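Each chain is listed here by its residues.
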Amino acid sequence: IGFVGSVLYGGLPDVVRGFRACYAGLEVALIEMSTVEQIAALKEGRIDVGFGRIRFDDPAIRREVIAEEPLLVALPPDHRLLASDGVSFQDIAGEPLVLYPKSPRPSYADQVLSYFSDRGCTPVIAQEVRELQTALGLVAAGIGITLVPDSVRHLHRDDVTYRPLLEAGITSPLIMSCRASDSSAEIGQIFDLIRNIYQLKQDLGRTPA
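This write-up is about the structure you can find in this document. The structure displayed is predicted, hence computed values, not measured ones. (Residues numbered from 1 in each chain as written. Predicted model: local features only at pLDDT ≥ 70, side-chain atom pairs only at ≥ 80, totals over all residues. Heavy atoms only, no water.)

## Here's the deal with the overall build of the protein
As a reminder, the rule being used: Put simply, DSSP H or I for four residues or longer makes a helix, DSSP E for two residues or longer makes a strand, and each gets a number counted from the N terminus. This radius of gyration counts C-alpha atoms alone. The globule rule is 2.2 Å times how many residues there are, raised to the power 0.38. Residue exposure (1.4 Å probe, protein chains only): buried if accessible area is under 20% of the type maximum, exposed if over 50%, otherwise partly exposed. Any two residues whose heavy atoms approach within 4.5 Å are treated as being in contact. Calculation of accessible area relied on Shrake-Rupley with a 1.4 Å probe; when residues are assessed, cover is drawn exclusively from the protein chains displayed. Neither His nor the chain ends is counted toward charge; the positive residues are Lys and Arg and the negative residues Asp and Glu. Where a charge lies is defined by one atom per residue type: Lys uses NZ, Arg uses CZ, Asp uses CG and Glu uses CD.
The number of helices and strands found in the protein is 6 helices and 9 strands. The globule rule puts the C-alpha radius of gyration for 209 residues at 17 Å, and the 18 Å found for the protein is close to it. Dimensions of the protein, computed from C-alpha atoms along their principal axes, come out at roughly 50 × 35 × 30 Å. The 209 residues of the protein split such that 50% are buried. When contacts within the protein are restricted to residue pairs at least 6 apart in sequence, those whose partners lie at least 24 apart make up 75%. When the accessible surface of the protein is split by element, carbon and sulfur atoms take 50% of a total near 9,700 Å². Taking the average location of the 20 positive side-chain charges in the protein and that of its 27 negative ones, the two points are 1 Å from each other.

## Let's talk about the nonpolar core
Put simply, the rule is: We call a set of buried Ala, Val, Leu, Ile, Met, Phe, Trp, Tyr and Cys residues a nonpolar core when their side-chain atoms join them within 4.5 Å.
Counting residues in each nonpolar core, the largest one holds 37 residues, and the members touching the most others are Phe89, Ile92 and Leu136. Counting only elements with at least two residues in this core, the list comes to β4 (61-75), α3 (89-92), β5 (96-99), α4 (108-118), α5 (132-140) and β7 (146-149). The residues contacting Phe89, other than those within four sequence positions of it, are Tyr115, Phe116, Arg119, Cys121, Leu147, Leu165, Glu167 and Ile170. One finds Leu12, Val28, Val49 and Phe191 within the second-largest nonpolar core, a separate group that totals 23 residues.

## Points about the pattern of salt bridges
Heads up, the rule is: The salt bridge definition used is simple: a Lys or Arg side-chain nitrogen within 4 Å of an Asp or Glu carboxyl oxygen.
Under the definition given, this model contains 15 salt bridges. Residue Glu68 pairs with Arg55 through a salt bridge whose shortest N-O separation is 2.1 Å. Of this pair, Glu68 sits in strand β4 while Arg55 sits in the loop between β3 (50-52) and β4, placing them 13 residues apart in sequence. Given the relative accessible area of 51%, Arg55 is considered exposed. The closest approach of N and O atoms between Arg195 and Glu64, which form a salt bridge, is 2.8 Å. With Arg195 in helix α6 (residues 185-203) and Glu64 in strand β4, this residue pair connects regions lying 131 residues apart in the sequence. By relative accessible area, which is 30% here, Arg195 ends up partly exposed. Salt bridges sharing partners connect three or more residues here, namely Asp48, Arg179 and Asp182.

Given below as C-alpha cells:
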C-alpha cells in the first residue's frame, strides 16, 4: 500500500487493521510515496493500492475519491492570527508560507498554490520541504505557516495550532487508486473497508479524516 504522509493521521491505520483481520495470511507493507510515485508503482506492480491527493485521469488506473478534507492553517503558538476563530486567504496572503512536498510535482503543493491563485493572492514562499512533519517543524520554529488537510489535527503537537479557513470549498481529496485490471477479492475488501470507515465517521458527525 502506497500512501502520502497525511493519510496516516486519518483512516489508513483502521483500514490496515481491518484488512489484516480479514486476510491474516497476507503480508501488508506500507510505503510512503507521493501520488505521482504511486501511479508508476501501481503500473509496475510494486504496490497494489495507493492513497493520494492529486486528481488525474489514466485509463490504466481505477480511482475513487473517498473524502474531501477541509484545509486548515497551521500556525505557531504565538501567531497573531490565533486571536481569530477562522482566517481567510487575504489574512494569510502576506504570511511566509512553508510549502510541501517540494518534489516530485505535481503534488499537494500545487493544490495549495492554486487556491491562492484562484483568489488573486500571491503567497510569500518562505521554504519548500519534502515532508509534512518537516513543514510542521518549521511552523513551530516560527519560519512560516502552512496549509494541511483536516486529518493532520489528530497529530497533537503543543507547538502548532490550527485554524479553519473562512472560505467555503477549500478541500483536499483523499483518493484511493488501484490497477484498473485488478479485480481481486483483496482489492475489493480494501475499498469496502475504507468506504465503511469514512461513512462511519460522517455518521458520527466527525469531519472525514
